[in-house]
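So the chains spell out like this:
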Amino acid sequence: MESLDLQLIHALEIDGRAPLRRIASALGVSDQMIARHYARLHETAGLRVVGRLNPRPVGQSVWILRLICVPSASLGLARALAERSDTRWVQLASGGTEIISHLAVHSDQDRDTLLMNTIPASRRVTSVSAHRLLRLFKGGPTGWAGPASVLSREAAAALAPPYPSPDAQSPPVVLTALDHVLLAALARDGRTPYAALAAEARCHESTVRRRIAHLRGSGALFFALDLDERTLGNQVRTALWMSVRPSRLAAVGAALADHPEVVYAAATTGRTNLLASVLCPDDEHLYSYLTDRVGTLDGVDAVESAPVMRTVKRVGAVARTGHGGLRPERPGT
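Bear in mind that the values here come from a model prediction, so they are computed numbers and not experimental data.

(A) Representation of the packing of aromatic side chains within the structure. Throughout the structure, instances matching the rule amount to 0 aromatic pairs. The ring of Y194 carries the charged tip of R17 above its face, separated from the ring centre by 4.5 Å. The residue whose ring lies beneath R191 is Y38, and the NZ or CZ to ring-centre distance is 5.5 Å.

Here it is in structure tokens:
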């Protein structure tokens, strides 16, 4: 990948709604050049920006589901989960016998309907474990640029949006009818122009601008970059289910957040209380990471690794054919 491509990806990780003109100025290139690179990355690497709700400010809880099922049923079940509006990530792991999914729900009733009725009704699921997310150390609102972290501190500062970090503590936010219209549109395309959003919401553009600024300023809305990470040269994604002594949980989580291999790290409930998702270029790098980095962290008592075979849904959107994903289908129940 060209240097300018990596710079553009990093810029969009910093602010997914930054105008291409402002990005071009920060990178010292022409508007036309940055527009060409953006269009090419969109076409070849599936690059796009997605507007997402930050769960805690809007009263959502996040559950991480781990389903063990018969191999012949795993793909169909993963696709069925991917079609749900309340799932964010859906991945096939451990040779296709395990499904890992993130579920964001507003109420216990929504959670129970899936965990106690829908999933158990399938005889193809042999084991279900649900872990409630307690503390996010990396991922989600914090973003991850990985190998694309190439911008200078000055360029990154010039692109930083004038809002507090989405992971900062903030008071609860009550969503309005207008918010739901805007959020639905931004979930499809986080870079939808304000004028188009105003037309869809049937209100003035200034109203849309103020409302989006309010949601971003309160930490309820952030913009995530959807990109097939294989284009960055990282081929091996692995989920690490870790057992950490409670007194060391915060320290281990903070240490993982500083590791460039770690895309996501969160403290959870359950027999394993820390989940991390890591990207490594090959098996040898993963081995070294597990033995030299994770294995030396004080407080880690056990680590279970689950190689991710396929990502069916990422960043809240069904992965698309041609970018390492699947065409969404309507599987049977």
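Past the structure itself, the notes keep going.
(B) Representation of the nonpolar core in the model. Within the largest apolar cluster, 41 residues are counted, with the highest numbers of intra-cluster contacts made by I23 and I212. For this core, the element with the most residues is helix α1 (residues 3–14), which contributes 6 residues. Once residues lying within four places of it in the same chain are set aside, the contact partners of I23 are L8, A11, L12, A18, I34 and L159. Counting residues in each nonpolar core, the second largest holds 20 residues, with L249, L274, L286 and V294 among its members.

(C) Just helix α7 (residues 177–188), in detail. Compared with an ideal rise of 1.5 Å per residue, which puts 12 residues at 16 Å, α7 spans 18 Å between its outermost C-alpha atoms and is within 8% of the ideal. Within the span of α7, buried status applies to L178, D179, L182, L183, A185 and L186. In a view along the axis of α7, the buried residues occupy a sector of 165°, so they form one face of it. Those residues of α7 that are buried lie in contact with β1 (48–53), α8 (194–201), α9 (205–217) and β6 (221–226).

(D) Here's a closer look at the pairing of strand β2 (residues 61–69). Across the 9 residues of β2, 8 count as buried, placing the element largely inside the fold. Taken together, the 8 bridges between β2 and strand β4 (residues 98–105) define a ladder with antiparallel strand orientation. From the neighbouring strand, I68 faces β4, where its bridge partner is E98. As paired strands, β2 and strand β5 (residues 125–138) are joined by 7 bridges and run antiparallel to one another. What sits directly across from C69, in β5, is V125.

(E) Here's a closer look at the environment of G96. Here G96 lies in the loop between β3 (87–93) and β4. Sequence separation between G96 and I68 is 28 residues, and the spatial gap between their C-alpha atoms is 9.2 Å. Discounting chain neighbours no more than four positions away, the residues touching G96 are P71, S74 and M309.

(F) View of the pairing of β5. Examined bridge by bridge, β5 and strand β8 (residues 262–268) share 4 bridges and lie antiparallel to one another. Directly across from R135, in β8, lies its bridge partner A267.

(G) Spatial organisation of the packing of α1 against helix α3 (residues 31–44). Contact geometry for α1 and α3: axes closest at 10 Å, N-to-C directions at 85°. Comparing their axes, α3 and α1 come out roughly perpendicular. Residues L4, D5, L8, I9 and L12 of α1 form the contact with α3, whose own contacting residues are M33, I34, H37, Y38, R40 and L41. Among the residues making up the contact of α1 with α3, the classes are represented as 8 nonpolar, 1 polar and 2 charged.

(H) Just the pattern of salt bridges, in detail. In total, this model carries 17 salt bridges according to the counting rule given. The closest approach of N and O atoms between E261 and R293, which form a salt bridge, is 3.9 Å. Of this pair, E261 sits in the loop between α10 (249–257) and β8 while R293 sits in helix α11 (residues 283–294), and the two are 32 residues apart along the sequence. Take R293: its relative accessible area is 33%, and that puts it in the partly exposed class. When salt bridges that share partners are traced, they join R245, R248, D298 and D301 into one network.

The rules we used
Residues numbered from 1 in each chain as written. Predicted model: local features only at pLDDT ≥ 70, side-chain atom pairs only at ≥ 80, totals over all residues. Heavy atoms only, no water. Phe/Tyr/Trp six-rings, centres within 6.5 Å; stacked < 30°, edge-to-face > 60°. Lys NZ or Arg CZ within 6 Å of the ring centre and 35° of its normal. Core = buried A, V, L, I, M, F, W, Y, C linked by side-chain atoms within 4.5 Å. Buried < 20%, exposed > 50% of the residue type's maximum accessible area, 1.4 Å probe, protein only. Helix = DSSP H or I, 4+ residues; strand = E, 2+ residues; numbered from the N terminus. Contact = heavy atoms within 4.5 Å. Expected span 1.5 Å × (residues − 1). Arc of directions from axis to C-beta. Pairing = 2+ DSSP bridges. Axes fitted to C-alpha atoms, helices over the stretch in contact; angles between N-to-C directions. Parallel < 35°, antiparallel > 145°, perpendicular 65-115°, else oblique. Nonpolar A, V, L, I, M, F, W, Y, C, P; charged D, E, K, R; others polar. Salt bridge = Lys/Arg side-chain N within 4 Å of Asp/Glu carboxyl O.

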